Amino acid sequence: MSTGLFELRVKGKEGIARVFYCTKVGKRIIMLHGFIKKTPKTPPKDLRKAERRFKEVKNET
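Description of the structure in this document. Just so we're clear, the structure is a prediction, and the values are computed from it rather than from any experiment.

## Concerning the nonpolar core
Judged by nonpolar contacts, Leu5, Phe20, Cys22, Leu32, Phe35, Ala50, Phe54 and Val57 together constitute the single largest core of eight residues. If you list the elements that add at least two residues to this core, you get β2 (15–24), β3 (28–37) and α1 (44–59). The element that contributes the greatest number of residues to this core is α1, accounting for three residues.

Written as structure tokens, this is what we have:
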């Protein structure tokens, strides 16, 4: 993950869910993108989507 971008992993009946998130001043947690992981590696398109949204959040300040 890039600096400031984090990943939460949750196991469920459908598989392992992943959520990319970041934190912002004021102790807010912002969920950027979530998906059900079906392969050992994180799909590049899901990571790119989270990184793009992370940049949008950073530029709002």
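## Some points on the pattern of salt bridges
Per the counting criterion, the structure on display carries two salt bridges. Note that Arg9 is salt-bridged to Glu7, the shortest N-O span being 3.3 Å. For the salt bridge of Arg18 with Glu7, the shortest nitrogen-to-oxygen distance reads 3.2 Å. One end of the pair, Arg18, is in strand β2; the other, Glu7, is in strand β1 (residues 6–12), with eleven residues separating them in the sequence. A relative accessible area of 8% means that Arg18 is categorised as buried. Salt bridges here are not isolated pairs; linked through shared partners, they connect Glu7, Arg9 and Arg18.

## Here we look at the sheet that holds β3
Spatially, three strands are ordered β1-β2-β3 in an open sheet, and the strand pairing comes out antiparallel. In this open sheet, the two strands that pair with only one neighbour each are β1 and β3. Shown here is a sheet whose adjacent strand axes are inclined to one another by a mean of 25°, direction ignored. The pairing of β1 with β2 spans seven bridges and is antiparallel. Within β2, the position partnered with Lys11 by the bridge is Ile16. Its contacts with the sheet put α1 on β2 and β3, and the angle it makes with β3 is roughly 165°.

## Structural notes on the side chain of Asp46
Within the secondary structure, Asp46 sits in helix α1. Setting aside anything within four residues of it in sequence, one finds Asp46 in contact with Phe20, His33 and Phe35.

## Looking at a nonpolar patch on the surface
Together, Leu8, Val10, Ile29 and Met31 make up a nonpolar patch on the protein surface, roughly 370 Å² of accessible area in all. Secondary-structure elements contributing two or more residues to the nonpolar patch are β1 and β3. Positionally, Ile29 belongs in strand β3. Look at Ile29 and you get exposed, because its relative accessible area is 54%.

Rules of the game
- Residues numbered from 1 in each chain as written.
- Predicted model: local features only at pLDDT ≥ 70, side-chain atom pairs only at ≥ 80, totals over all residues.
- Heavy atoms only, no water.
- Core = buried A, V, L, I, M, F, W, Y, C linked by side-chain atoms within 4.5 Å.
- Buried < 20%, exposed > 50% of the residue type's maximum accessible area, 1.4 Å probe, protein only.
- Helix = DSSP H or I, 4+ residues; strand = E, 2+ residues; numbered from the N terminus.
- Salt bridge = Lys/Arg side-chain N within 4 Å of Asp/Glu carboxyl O.
- Pairing = 2+ DSSP bridges.
- Axes fitted to C-alpha atoms, helices over the stretch in contact; angles between N-to-C directions.
- Contact = heavy atoms within 4.5 Å.
- Patch = residues over 30% accessible without salt bridge, like charges linked within 9 Å, V, L, I, M, F, W, Y side chains within 5 Å.
- Areas by Shrake-Rupley, 256 points an atom, 1.4 Å probe, with all protein chains shown as cover.

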